[in-house]
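One-letter residues, chain by chain:
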Amino acid sequence: MFTVTESITIARPVDEVFAFLADGRNRAKWDTSVISEELTSPPPLGVGSTLHTRMRVMSREVEFDWRVTRFDSPRRMAIESTAGMLPTSFLLEFTDAGEATGVVATVAGEPRGMLRLGEPMIAESVRATLATGLARAKRLLEERQR
């Protein structure tokens, strides 16, 4: 099993940052591995909601289904995969810093079968994608204020 954590500070209020990152319709805007993400249960988003994500991972298109396991707006959101290439969880935590927001994103995955052999490479790919995605989210959100 691997766990990857990345953090960033975004110069926008916590409510705005949470709303943007928690909304699956925005995920493809900031996460370059995501082709699309959609809510597959009735709105609004909350604990028990389900999502479907199409991603490009290591040059392959894969799909994941997710269930929201925590939703404490605007502080925390967690999802766990219910279907996909490997069991995965994704946690976003937000800290209010006045006019800025601290974001900590943690992805944990458990490669199985032959994927276990590539675990270090998978973990590094997840880390790089997560760091790039958070930097992109920062840029998108901070450009909104200009």
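Residues numbered from 1 in each chain as written. Predicted model: local features only at pLDDT ≥ 70, side-chain atom pairs only at ≥ 80, totals over all residues. Heavy atoms only, no water.

> Help me understand the sheet that holds strand β5 (residues 76-83), please; the structure alone is not making it clear to me.
Think of a sheet as strands paired side by side through backbone hydrogen bonds, with each pair either parallel or antiparallel. Across the sheet, which stays open at both edges, the 7 strands sit in the order β1-β7-β6-β5-β4-β3-β2 with antiparallel pairing between neighbours. Of all strands in the sheet, those bounded by a partner on one side alone are β1 (2-10) and β2 (34-39). Between one strand axis and the next, the sheet turns by 20° as a mean value, whatever way the strands run. As defined by bridge partners, β5 adjoins strand β6 (residues 88-97) across 5 bridges and the pair is classed as antiparallel. Bridge pairing in β6 places I79 opposite F90. Taken strand by strand, helix α1 (residues 14-22) contacts β1, β4 (60-72), β5, β6 and β7 (100-109), and its axis lies near 165° from that of β6. Sitting on the sheet, helix α3 (residues 119-143) is in contact with β1, β6 and β7, with an inclination near 15° to β1. (Pairing = 2+ DSSP bridges. Helix = DSSP H or I, 4+ residues; strand = E, 2+ residues; numbered from the N terminus. Axes fitted to C-alpha atoms, helices over the stretch in contact; angles between N-to-C directions. Contact = heavy atoms within 4.5 Å.)

> Even after reading the chapter, I still don't get the pattern of salt bridges, so can you show me in this structure?
Any two side chains of opposite charge can pair, on the condition that their charged atoms come close. Applying the stated criterion across every chain, the model contains 13 salt bridges. Ionic pairing is found between R12 and E16, a salt bridge with its closest N-O pair at 2.8 Å. A relative accessible area of 16% means that R12 is categorised as buried. E61 serves as the salt-bridge partner of R54, at 3.1 Å between the closest nitrogen and oxygen. With relative accessibility at 28%, the residue R54 sits in the partly exposed group. Residue classification places E61 among the partly exposed positions, given a relative accessible area of 44%. Through salt bridges with shared partners, a single network forms among R70, D72, R76 and E93. (Salt bridge = Lys/Arg side-chain N within 4 Å of Asp/Glu carboxyl O. Buried < 20%, exposed > 50% of the residue type's maximum accessible area, 1.4 Å probe, protein only.)

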